[in-house]
Amino acid sequence: MKIKVFLLLIISLLISCEKKEKPVDDTSIQDQAQSFLDTYYNEYQPLYYNMAEAEWKQNTYIVDGDTTTEKMVKEAGKAFTDFTGSKTNIDSAQHYLGLQDKLTDKQVREFKAMLYLAGGNPETAGEIVENLIAANNAQVKKLYGYNFKIDGKDISTNDIDKILASKKGLDKKLKAWEASKEVGVGLKDGLVNLRDLRNQSVQALNYKNFFDYQVSDYGYSVEDLRGVTQQMIKDVWPIYRELHTWARYTLAEQYKAEVPEMLPAHWLPNRWGQEWSSMINVEGVDLDKALSEKSAEWIVKKGEEFYVSMGFPNLPQSFYDKSSLYPLPEGSDYKKNNHASAWHLNLDEDVRSLMSVEPNTKWWGTTLHELGHIYYYISYSNPDVPLLLRGGANRAYHEGIGTMIGLASMQLPFLQGLGLADENIKVDKIQMLLKEALDYIVVVPWGAGVMTDFEWELYNNNLSKDQFNAKWWELKAKYQGITPPSDRGEEYCDAASKTHINNDAAQYYDYAMSTILLFQLHEHISKNILNQDPHETNYWGSKETGKFLMDLTHPGANVDWQEHLKSVIGEDMSAKAMVNYFQPLMDWLKEENKGREHTLPESI
């Protein structure tokens, strides 16, 4: 009897052990994970919306001495970061990622995105995160609320840009350039503080520094990313070198000056020398004149019509009701951020744009670019894409789509179709290419070189405060062949005059990468869909082009960006399409620069 009881006990224990060791069903783990994600989103979305609304007001309604908005931004930001960076959410994300072989691919991406989001503000960093939010808000307020002045008189950044883009005397351009840099003086200490706080906050989740953290969003190591950016520069360097030589001689002739070894910064038509396209007015195409007969409102509505012609939906009425699209009326008792941007406030239907549209060439391209972002938001705001994955396949995809549309919006057949250029017009195609290259080629050494290396030095190497300006101008000379008009000592902080050094930090390589991507996408559309010369396209009304763009944008970040790119265009990211596009110009520049001294090295 005792033996029977003993055997039954043994059998019972074996059955019990079997039950305990039996693996949990994958479906059960996926259900648990989904339940957690659903609960997370119920809290995440309203907190995100509240923070975005507060930041929107901070950017569109800037009043001296306004502490109410500042307090609102701080409180909304803290509520959001407290939630996303909470130890509970970090631990849960890490727990489920430990079981990722049992999750769906989408869930794995969601938890990785959750952990990445927490990396900027982990609860374990405690007071550091709170100080970071306050420091960021103070820096933004100081940057966008700054009163630019020339000869003691207030001047807008739009007006500074107009002076620099004009062919006015160098004295006036020098004053405008110097005025544009004064804002950096008061931002230097804040930048040091932000650098330290950003590094400390991400180090709480084992990132080496803030630069390393930002790069990880691409699935790259810092070394990988720097290799990619350096290759971009190497690919376009031969034509950039020719453009630099051409610009030195052309501007010296324009200003009746000796040809300089480096380009003086105030000679160029942009505050940072990041694009030089307004050096060229293509004869026969006077887009400024054509647009001056239109209104700013016409530009925005025509941009919407363009996307609708390709099969995209009309913009929601709330876009027009809630956006800030035009310059403030003269005499307004508040200011706004004049830097163009697109906003996805609730990660769903509330899309807005912050611009200061005027009827001119600059704002024509900018408007269609920003609407590209808006339609990207609309495209991936669908049930297949969870909230954490409502972003570009990578950050550069967003800029690539917007900038590609900007390129297409300037091509002659497109302009002719809208009545902005005469049907029988004869234009110099090389001059058209030159104007484009002074934008798209020039931005690569700036974005992949100057901005990327400065922020790498800043965050990775803890660049000393007393070397900020020296390093900035060392990189400007190396990558762009640009020099300041006079000594710029360490009392200045010229890097901080650039918006992205202060906010949206350590990710400016996105713009260079997006430029490479846009030419790949444009080449695919022009050759495989439109059957048109890439230099003379008209996307208007092409439903097939619209479908291609929708297929590209619909998945948001719910894809591996490199696999997605290869699946839609059949190749990896490469500057080949861009180099091909500008090859006719390269041939022309070599002839034009024969006998001229090239002061940039043959390779970088």
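Scoring rules and cut-offs
- Residues numbered from 1 in each chain as written.
- Predicted model: local features only at pLDDT ≥ 70, side-chain atom pairs only at ≥ 80, totals over all residues.
- Heavy atoms only, no water.
- Core = buried A, V, L, I, M, F, W, Y, C linked by side-chain atoms within 4.5 Å.
- Buried < 20%, exposed > 50% of the residue type's maximum accessible area, 1.4 Å probe, protein only.
- Helix = DSSP H or I, 4+ residues; strand = E, 2+ residues; numbered from the N terminus.
- Axes fitted to C-alpha atoms, helices over the stretch in contact; angles between N-to-C directions.
- Left-handed = near helix turned anticlockwise from the far one by under 90°.
- Contact = heavy atoms within 4.5 Å.
- Nonpolar A, V, L, I, M, F, W, Y, C, P; charged D, E, K, R; others polar.
- Salt bridge = Lys/Arg side-chain N within 4 Å of Asp/Glu carboxyl O.
- Pairing = 2+ DSSP bridges.
- Lys, Arg positive; Asp, Glu negative; His and termini not counted.
- Polar contact = N/O pair within 3.5 Å; in protein donor to acceptor, adjacent residues only side chain to side chain.
- 1 Å grid on protein atoms, 1.4 Å probe; cavity = no way out; pocket = protein on both sides within 12 Å on 5 of 7 lines; lining within 4 Å.
- Points joined across faces, edges and corners; volume = space filled by probe spheres on them.
- Phe/Tyr/Trp six-rings, centres within 6.5 Å; stacked < 30°, edge-to-face > 60°.
- Lys NZ or Arg CZ within 6 Å of the ring centre and 35° of its normal.
- Expected span 1.5 Å × (residues − 1).
- Arc of directions from axis to C-beta.

A. Representation of the nonpolar core in the model. One finds Phe111, Leu243, Trp276, Trp364, Phe582 and Leu585 to be the most contacted residues of the largest nonpolar core, which totals 185 residues. With 14 residues, the single largest contributor to this core is helix α11 (residues 222–254). Membership of the second largest hydrophobic core comes to five residues, among which are Ala52, Trp56, Trp343 and Leu354.

B. Here's a closer look at the packing of α11 against helix α19 (residues 443–460). In contact at an axis separation of 8 Å, α11 and α19 are set at 145 degrees when each is read in the N-to-C sense. Of the two elements, α11 crosses α19, and the hand of that crossing is left-handed. In contact with Val222, Leu225, Arg226, Thr229, Gln230, Met232, Ile233, Val236 and Tyr240 of α11, α19 contributes Val444, Pro445, Ala448, Gly449, Thr452, Asp453 and Trp456. Partitioning the contact of α11 with α19 into residue classes produces ten nonpolar, four polar and two charged.

C. Spatial organisation of the pattern of salt bridges. Evaluated as defined, the whole model comprises 29 salt bridges. Residues Asp151 and Lys175 are paired through a salt bridge, measuring 3.1 Å at the closest nitrogen-oxygen approach. Here Lys175 lies in helix α8 (residues 170–181) and Asp151 lies in the loop between β1 (149–150) and β2 (153–154), a separation of 24 residues in the sequence. Residue classification places Asp151 among the exposed residues on the basis of a relative accessible area of 59%.

D. Representation of the pairing of strand β5 (residues 351–354). What you see with β5 is no split at all: Val351 and Ser353 on one side and Arg352 and Leu354 on the other are buried throughout. Direction of pairing for strand β4 (residues 341–344) relative to β5: antiparallel, over a ladder of four bridges. Note that in β5 the partner of Trp343 across the bridge is Arg352. Between β4 and β5, which pair antiparallel one after the other, the connecting turn spans six residues, and Leu347 there sits at a positive phi close to 60 degrees.

E. Examining the packing of helix α3 (residues 67–84) against helix α6 (residues 127–144) more closely. Running from N to C, α3 and α6 point in directions that differ by 140 degrees, and their axes come no closer than 10 Å. Handedness of the α3/α6 crossing: right-handed. Residues Glu70, Val73, Lys74, Gly77, Lys78 and Thr81 of α3 touch α6, and the partners they reach there are Val129, Glu130, Ile133, Ala134, Asn137 and Lys141.

F. Structural detail: the side chain of Arg198. Structurally, Arg198 can be placed in helix α9 (residues 188–203). The buried charged residue Arg198 lacks any salt bridge partner; its closest oppositely charged side chain belongs to Glu455, at an N-O distance of 6.1 Å. At 2.8 Å, the side chain of Arg198 forms a polar contact with the side chain of Tyr459. Sequence-distant contacts of Arg198, defined by excluding residues within four places in its chain, comprise Leu132, Asn136, Phe210, Tyr459, Ile501, Asn502, Asn503 and Ala505.

G. Region of interest: empty space enclosed by the protein. This model, assessed by the stated rule, comprises four cavities of 30 Å³ or more. Considering only enclosed or pocket space, the largest cavity measures out at about 110 Å³ in volume. Taken together, Lys57, Gln58, Tyr61, Ile62, Val63, Asp66, Thr69, Glu70, Asn137, Val140 and Lys141 form the lining of the largest cavity. For the lining of the largest cavity, the secondary-structure elements that each account for two or more residues are α2 (26–60), α3 and α6. Considering each element in turn, the lining of the largest cavity owes the most residues, three residues, to α6. A volume near 70 Å³ is recorded for the second largest cavity. Elements with a contribution of two residues or more to the lining of the second largest cavity: α7 (157–165) and α11.

H. Representation of the layout of surface pockets in the model. Of the voids in this model, the second largest pocket is the one considered here, and its volume is about 160 Å³. Every residue lining the second largest pocket is counted, 13 residues in all, and those nearest its centre are Lys429, Met432, Leu433, His535 and Glu536. If you tally residues by element for the lining of the second largest pocket, the top one is helix α18 (residues 429–440), at five residues. In terms of residue class, the lining of the second largest pocket is built from seven nonpolar, two polar and four charged.

I. Focus on the packing of aromatic side chains. Counting across every chain of the model gives 48 aromatic pairs. For the ring pair Tyr207 and Tyr213, a centre distance of 5.0 Å and an interplane angle of 75 degrees mean the geometry is edge-to-face. Side by side, Tyr207 and Tyr213 carry an identical accessibility label, which is buried. When the ring of Phe414 is compared with that of Trp540, the centres are 6.2 Å apart and the planes differ by 50 degrees; the resulting orientation is tilted. Highlighted residues: Phe414 in helix α17 (residues 412–417) and Trp540 in the loop between α22 (509–529) and α23 (543–553), separated in sequence by 126 residues. Through successive ring pairs, a cluster of aromatic residues spans Phe36, Tyr40, Tyr41, Tyr44, Tyr48, Phe80, Phe83, Tyr96 and Phe111. Sitting above the plane of the Trp456 ring, Arg226 keeps its charged end 3.7 Å from the centroid. The ring of Trp298 has Lys294 lying over it, and the distance from NZ or CZ to the ring centre is 4.8 Å.

J. Local environment of α3. Between the first and last C-alpha of α3 there are 26 Å, a value that for 18 residues agrees with the 26 Å anticipated at 1.5 Å per step. Restricting attention to buried positions, one finds in α3 the residues Thr69, Val73, Ala76, Gly77, Phe80, Thr81, Phe83 and Thr84. End-on, the buried residues of α3 take up no more than an arc of 160 degrees, which puts them together on one face. Along α3, the residues that are exposed and aim more than 90 degrees away from the buried face are Thr67, Thr68 and Lys71. Tucked into the core, α3 has its buried residues touching α2, α4 (87–97), α5 (105–119) and α6. At the N-terminal boundary of α3, the capping side chain belongs to Asp66, with an oxygen 3.1 Å from the backbone nitrogen of Thr68.

K. Examining unusual backbone geometry more closely. Even without being a glycine, Asn206 presents a positive backbone phi close to 75 degrees. The exposed category is assigned to Asn206, whose relative accessible area is 74%. Positive phi, normally seen in glycine, also occurs at Leu347, with a value near 60 degrees. Relative to the helices and strands, Leu347 is located in the loop between β4 and β5. Leu347 sits in the buried class, given a relative accessible area of 5%.

L. Looking closely at the environment of Lys112. Structurally, the position occupied by Lys112 is in helix α5. A residue is classified by how much of its surface remains accessible, and Lys112, at 47% relative accessible area, is partly exposed. Taking the C-alpha atoms as reference, Lys112 lies 8.5 Å from Gln94; in sequence the two are 18 residues apart. In this structure, Lys112 is in contact with Leu97 and Gln100, ignoring residues within four places of it in sequence.

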